[in-house]
Amino acid sequence: MARAVHPVFSALTREAMARADTADFDGVPFRVVRADYLAAIALSVGRAKDFARVVSLLESGSVTREALAALAQKHELTAAYQKFVARFLDE
């Protein structure tokens, strides 16, 4: 069986893969990255469509602002998080 390749390019994505859940579809196991990590990765990329994804994850309740802020702080994305909040969440 071929070894799975993980798209790890930073400490954030490495941690996201390490904490990913395992699911099964018709007997085929696969890894699912948690929503809070998806939001933090999108925040780190910083494109308009990534910010839209973060907003959607927050609005759906899949991610809390607190969880995203904690990951942002842990992975040196605090400035990006603060800019995101000021631009998209603060009224």
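In this text, all values refer to a predicted model and were calculated from it rather than measured experimentally. (Residues numbered from 1 in each chain as written. Predicted model: local features only at pLDDT ≥ 70, side-chain atom pairs only at ≥ 80, totals over all residues. Heavy atoms only, no water.)

## Focus: a nonpolar patch on the surface
Alright, step 1. A surface patch of nonpolar side chains, about 290 Å² in accessible area, is lined by F25, F30 and V32.
Alright, step 2. Structurally, the position occupied by F25 is in strand β1 (residues 21-25).
Alright, step 3. Residue F25 is classed as exposed on the basis of its relative accessible area, which comes to 56%. (Patch = residues over 30% accessible without salt bridge, like charges linked within 9 Å, V, L, I, M, F, W, Y side chains within 5 Å. Areas by Shrake-Rupley, 256 points an atom, 1.4 Å probe, with all protein chains shown as cover. Salt bridge = Lys/Arg side-chain N within 4 Å of Asp/Glu carboxyl O. Helix = DSSP H or I, 4+ residues; strand = E, 2+ residues; numbered from the N terminus. Buried < 20%, exposed > 50% of the residue type's maximum accessible area, 1.4 Å probe, protein only.)

## Quick notes on the packing of helix α2 (residues 35-45) against helix α4 (residues 65-74)
Alright, step 1. At a minimum axis distance of 9 Å, the contact between α2 and α4 shows a crossing angle of 55°. Looking at the two axes, α2 sits oblique to α4. The element α2 and its partner α4 pack so that their crossing is right-handed. Where α2 abuts α4, its residues D36, Y37, A39, A40 and L43 lie against A67, L68, L71 and A72.
Alright, step 2. By residue class, the composition of the contact of α2 with α4 is 8 nonpolar, no polar and 1 charged. (Axes fitted to C-alpha atoms, helices over the stretch in contact; angles between N-to-C directions. Parallel < 35°, antiparallel > 145°, perpendicular 65-115°, else oblique. Left-handed = near helix turned anticlockwise from the far one by under 90°. Contact = heavy atoms within 4.5 Å. Nonpolar A, V, L, I, M, F, W, Y, C, P; charged D, E, K, R; others polar.)

## Observations regarding the packing of aromatic side chains
Alright, step 1. As enumerated under the stated definition, the model contains 3 aromatic pairs in all.
Alright, step 2. Ring plane angle 40° and centroid distance 5.3 Å describe the contact between F51 and F88, whose orientation is recorded as tilted. Of the two residues, F51 sits in helix α3 (residues 48-60) while F88 sits in helix α5 (residues 78-89), which places them 37 residues apart along the sequence.
Alright, step 3. Taking relative accessible area as the criterion, F51 reaches 13% and is therefore assigned buried.
Alright, step 4. With relative accessibility at 33%, the residue F88 sits in the partly exposed group.
Alright, step 5. Measuring from ring centre to ring centre gives 5.3 Å for F84 and F88, while their planes differ by 35°; the resulting arrangement is tilted. Taken together, the residues span about one helical turn, with F84 and F88 both in helix α5 at a distance of 4 residues. (Phe/Tyr/Trp six-rings, centres within 6.5 Å; stacked < 30°, edge-to-face > 60°.)

These figures come from the coordinates and say nothing about function on their own.
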